[in-house]
Amino acid sequence: MNTRNDAAPVLIRLSDYRAPAWRVSQVNLSFDLGIDDTVVSSRLHLQRDATLQEPLRLDGEGLELLSIALDGQALPEGQWRYENGVLEVEGARDGSLLETRVRVRPAANTALEGLYLSGTREGGFLLTQCEAEGFRHITFFPDRPDVLASYTVTLRADRARFPVLLAGGNPDGHGELEDGRHWARFVDPHPKPSYLFALVAGRLQQIARDYVTARGRAVKLVIWAEPDAIGRCDYAMDALERSMRWDEQSYGREYDLDVFHVVATHDFNMGAMENKGLNIFNAKYLLADPDSSTDDEYRAVEAVVAHEYFHNWSGNRVTCRDWFQLSLKEGLTVFREQQFSADMNSAPLKRIEDVALLRRAQFPEDAGPLAHPVRPAQYSEINNFYTATVYEKGSELVRMVAGSLGRDGFRRGMDLYFSRHDGHAATLEDFLRALGDANGVDLMPYLAWYAQAGTPRLHARGHYDATQRTYALTLSQHTPPTPNQPHKQALPIPVKLALFRRDGRMIPLHLAGEPAATSGGVERVVVLDRAEQTFVFQQVDAAPVPSLLRGFSAPVILECDYAPADLALLLRHDADGFNRWEAGQQLAARAFDNLRDGNDTAALDAWCEALSALFAEGSVDAALLADLLTPPGEIELAERERVVNPSHVHALRQQLQESLALRIGREALHARHQALATPAVVALDAASQAQRRLKRRVLELFALLDPWAAHALGTQQYDSAPSMTDRLAALVVLARGNAPQTRAALLHFRERYADNPLAMDKWFSIQAQLPAEVVVERVRELEADAAFTLKNPNRVNALFGAWARNNPDGFHRPDGSGYRLLAERLVQLDALNPQVAARLATAFNGWQRLEPTRRAAARTAIGTLAAQPGLSRNLTEIVQGMLHD
Ligand code: TRP
Ligand code: ZN
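Residues numbered from 1 in each chain as written. Chains lettered and ligands numbered in written order. Predicted model: local features only at pLDDT ≥ 70, side-chain atom pairs only at ≥ 80, totals over all residues. Heavy atoms only, no water.

As recorded by an unreviewed UniProt entry, the protein carries the name Aminopeptidase N and is attributed to Dyella soli. Its UniProt record gives the protein the following Sequence similarities (unreviewed entry) comment, quoted word for word: "Belongs to the peptidase M1 family." According to the UniProt record, the Cofactor (unreviewed entry) comment for the protein reads "Zn(2+)". (UniProt positions renumbered as here; feature names shortened; annotations may be inferred.)

Engineer: Just to check I follow, could you spell out the sheet that holds strand β30 (residues 545-547) for this structure?
Structural biologist: Within a beta sheet, neighbouring strands are joined by backbone hydrogen bonds and run either parallel or antiparallel to one another. Ordered in space as β28-β27-β30, the 3 strands form an open sheet in which the pairing is antiparallel. Looking at strand neighbours, the two that pair on one side only are β28 (524-528) and β30, the edges of this open sheet. Each neighbouring strand pair of the sheet contributes to a mean axis angle of 40°, computed without reference to strand direction. Taken together, the 3 bridges between strand β27 (residues 493-500) and β30 define a ladder with antiparallel strand orientation. Directly across from A498, in β30, lies its bridge partner S547. Lying on the sheet, helix α8 (residues 564-573) is in contact with β27 and β30; it crosses β30 at an angle near 55°. (Pairing = 2+ DSSP bridges. Helix = DSSP H or I, 4+ residues; strand = E, 2+ residues; numbered from the N terminus. Axes fitted to C-alpha atoms, helices over the stretch in contact; angles between N-to-C directions. Contact = heavy atoms within 4.5 Å.)

Engineer: What should I look at first to understand the nonpolar core in this one?
Structural biologist: Nonpolar side chains in soluble globular proteins tend to end up buried together. Core analysis: the biggest nonpolar cluster contains 214 residues, and Y417, F431, F537, F800, W803 and L822 have the highest contact counts within it. With 10 residues, helix α5 (residues 388-421) is the single largest residue contributor to this core. With residues up to four places along the chain from it excluded, the contact list for F431 reads L328, L332, V398, M414, Y417 and Y450. Core analysis: the next-biggest nonpolar cluster, separate from the first, contains 45 residues, W22, L56, L70 and A157 among them. (Core = buried A, V, L, I, M, F, W, Y, C linked by side-chain atoms within 4.5 Å. Buried < 20%, exposed > 50% of the residue type's maximum accessible area, 1.4 Å probe, protein only.)

Engineer: Could you clarify how one ought to interpret the pairing of strand β5 (residues 64-70) in this entry?
Structural biologist: For a regular strand, side chains alternate in direction, first toward one face of the sheet and then toward the other. Of the strand pairs in this sheet, β5 and strand β9 (residues 97-104) are connected by 6 bridges, and their pairing is antiparallel. Across the sheet, the residue bridging to S67 is R101, located in β9. With 2 bridges connecting them, β5 and strand β6 (residues 73-74) associate as antiparallel partners. Across the sheet, the residue bridging to L70 is Q73, located in β6. Between β5 and β6, which pair antiparallel one after the other, the connecting turn spans 2 residues, and D71 there sits at a positive phi close to 50°.

Engineer: Would you mind going over the packing of aromatic side chains with me for this structure?
Structural biologist: The way to describe two aromatic rings as a pair is by their centre distance and the angle between their planes. Inspection of every chain in the model, using the stated rule, returns 36 aromatic pairs. Between Y255 and Y309, the ring centres sit 6.2 Å apart and the planes meet at 45°, which makes this aromatic pair tilted. One end of the pair, Y255, is in the loop between α1 (234-251) and β19 (259-265); the other, Y309, is in helix α2 (residues 295-310), and 54 residues separate them in sequence. In this structure, Y255 and Y309 share a single accessibility class: buried. Relative to F340, the ring of F310 lies with its centre 5.6 Å away and its plane at 85°, an arrangement referred to as edge-to-face. Placement of the pair is F310 in helix α2 and F340 in helix α3 (residues 326-344), with a sequence separation of 30 residues. Among the aromatic residues, those joined into a ring-pair cluster are W246, Y251, Y255, F260, Y309, F310, F335, F340 and F410. (Phe/Tyr/Trp six-rings, centres within 6.5 Å; stacked < 30°, edge-to-face > 60°.)

Engineer: Sorry, what's going on with the coordination of the zinc ion (ligand 2) here?
Structural biologist: Angles between donor atoms at a metal ideally measure 109.5 degrees for a four-coordinate tetrahedral arrangement and either 90 or 180 degrees for a six-coordinate octahedral one. Here the zinc ion (ligand 2) is held by H307 (NE2), H311 (NE2), E330 (OE) and E330 (OE), and the distances to it run 1.9 to 2.8 Å. Bound by 6 donor atoms, the zinc ion (ligand 2) shows angles of 49 to 160° at the metal and therefore irregular coordination geometry. Each donor residue of the zinc ion (ligand 2) belongs to the same chain, and together they define the spacing H-x3-H-x18-E. Remark: E330 occurs in helix α3 and H311 occurs in the loop between α2 and β22 (318-320); sequence separation between them is 19 residues. Residue classification places H311 among the buried positions, given a relative accessible area of 0%. (Donors = N, O, S within 2.8 Å, 3.2 Å for Na, K, Ca; no water. Tetrahedral: all angles 85-135°; square planar, octahedral: opposite > 155°, others 65-115°.)

The following block contains the structure:
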């Protein structure tokens with residue numbers, strides 16, 4: 001927290017890893033909790049590695065040391081030293097007991113790392129966030145994930161102010177103290193790293209459910225929230241139960257404590273946190289009700305609840321040796337979460353959503369100045385590495401490995417991984433080795449994916465030989481250089497493929513040089529593991545259309561010079577929902593090029609033609625149809641440009657959608673919007689969600705053809721919507737179209753949801769997406785609104801994040817006003833919350849490829865920001881990296 005950077009930043013390197021010289025076997029903590037002052041007493045049972053001669057050094061940030069004793073004796077001044085975040089103690093031996101008492105100040109902690117106050121002094125509650133290095137803000141400790149200790153935690157506090165006292169582990173007694181105070185103790189039987197420690201204290205209410213694991217362990221599940229939010233926790237409870245059951249069935253993993261607590265807070269830097277036995281959630285990912293949550297948010301709650309729960313095995317029971325291995329837990333857990341969500345909902349829709357996210361968030365990261373491998377080689381501030389690369393690309397790497405082992409092989413590998421490393425801190429090599437050992441294969445070639453940044457380009461070209469009846473598919477790969485990695489090596493790229501006949505049927509595959517046994521299926525995986533390789537398919541009667549990278553079998557950019565008609569064929573006929581969407585996306589991107597270059601319109605015609613036919617037929621599921629009708633977003637389209645003009649990209653994408661709307665027709669769109677009736681009771685089943693999704697898309701397209709009529713429809717929809725999904729869809733159409741009705745609707749929304757912070761976040765976000773010419777002005781007005789505060793991360797992201805990330809045209813103003821505003825605000829935000837400031841600053845990513853006017857303006861704003869004295873290590877690393885060429 002607030003480690004202001006005046007000296008040169010210190011780089012932590014993977015290659016410098018050393019096992020700890022000192023470990024802690026047992027830690028006893030007791031807290032005398034107070035909002036302004038909390039006193040933390042700690043007893044550490046130390047273990048020393050006899051082979052290493054190092055003094056005892058413990059991490060500690062911003063701690064006021066009240067007392068220190070070693071083996072029962074108060075330590076005199078000369079025998080300890082506390083400076084630059086390190087407490088060095090002389091005279092400690094193997095088996096020593098170190099006792100410290102420190103004071104910390106929760107209410108003054110605006111960084112939301114360590115022990116802090118959520119909400120107001122009067123009504124709020126205390127909680128902790130320790131990942132990655134927050135524990136050192138609470139007490140002195142070897143704060144690194146390879147030090148696993150057993151925790152006993154005693155909380156003491158005023159009973160009236162803090163009726164609920166929680167810490168990770170099983171309850172181990174509670175009672176009364178003098179002066180209206182009380183205490184509660186918790187013992188965690190599972191050794192854990194310090195980043196998984198958590199406590200919560202305050203006035204919270206609960207809902208509870210009894211759960212019995214497959215092997216018969218009774219577990220009490222409890223969700224805690226503030227009184228005004230506890231009524232919105234039931235969906236999360238259901239999702240938790242589904243997650244627990246799913247992990248038992250899919251991975252044979254059971255929960256391992258008597259209680260599982262989940263707590264909601266409105267003040268949180270990230271999505272949620274998997275603290276052992278005491279998960280803490282950003283309220284945004286826990287609370288859900290039809291009146292204030294959209295369908296997308298329901299699915300996000302389900303996914304995040306599952307994600308944090310799954311960490312109990314992938315992260316907690318088997319943890320990371322060091323923070324370079326972060327993807328060991330995050331990539332794996334995202335993958336498990338994606339599998340779960342696919343099982344609970346629609347698998348192809350989930351895959352579409354995940355790939356769209358990867359392209360929107362990770363590909364730009366991999367292509368920009370902050371590009372880093374899934375396992376970075378060095379960092380200055382670890383909090384800056386909770387990125388789309390570590391999470392989403394990390395998940396794609398697990399998916400490739402899992403795919404190569406098959407369902408049963410992967411399960412065998414995971415069983416071995418969990419049993420071999422249970423209770424230990426592991427590395428990515430350990431992961432690949434366990435998976436490989438269980439299947440008698442060598443997966444180490446995949447390690448190269450973890451070490452190499454940048455998105456590989458996969459080039460495919462096919463050649464049909466009518467006389468030989470062969471189809472030769474030549475695949476080659478190339479990864480462009482990234483900062484500090486000028487030369488790239490070839491990676492193993494699994495390419496799942498099928499070949500289509502012109503009539504839309506798949507061709508049985510006979511790969512040359514292959515045993516007959518594996519021959520004849522219509523889909524298979526070939527692995528490109530060198531720069532270039534040719535695969536020859538035999539007994540092919542006519543030139544086929546290849547469907548490549550099915551299910552997005554590798555996180556690469558496919559370059560294949562399909563004719564528009566080929567893509568249209570796949571869009572119409574591919575049975576796989578994902579690949580069908582993918583063909584449409586590629587065709588839409590080509591159509592975008594048509595509009596930009598203005599030469600031919602073959603792709604544009606083919607795209608509009610295929611989609612309007614699908615729209616009319618009604619054979620495609622409504623949700624998939626909605627996704628098919630959505631071209632790649634502006635960020636994705638900009639990634640294809642050598643020089644980016646965001647206004648231009650926005651206008652062309654609008655034009656693209658207009659062409660589509662025109663082809664479908666005003667009447668057909670209007671009729672479909674009317675036909676997608678809105679039942680008075682909001683149901684959450686897949687079909688109901690799909691209807692709402694399509695309805696939204698249809699209204700958006702309609703608004704491009706006939707804004708006046710669409711705004712009238714939108715106003716009606718806003719007024720009568722029974723769900724937030726429909727209400728918000730209507731409001732967004734009004735706002736993006738700058739409809740005159742927007743004002744009244746926004747006023748109404750604000751009145752209605754004044755007491756609901758998550759809904760108010762939407763109120764800010766919608767306005768951050770106003771058309772480019774008016775939005776900077778509006779952002780300035782909104783930050784002066786009484787409901788705005790830089791102290792709340794959700795509110796900051798709702799306004800500044802939604803604007804700078806989701807409204808590229810509105811952020812990248814040619815006069816540089818957007819850049820200046822963001823840079824100014826980042827300085828203020830950094831003084832309060834460096835983690836959130838650093839994350840928001842990544843919105844500048846991609847500035848080097850902007851057209852010259854904007855590039856110069858962005859360069860100036862970033863340079864001014866970089867020159868500010870006293871920036872945090874977090875923001876410094878991002879801003880410096882951003883200036884890198
Ligand atoms: N480990 C959390 C997850 O499930 C991420 C997280 C939550 C986090 N809070 C954080 C990371 C604070 C860094 C700082 O993905
Ligand atoms: Zn996680």
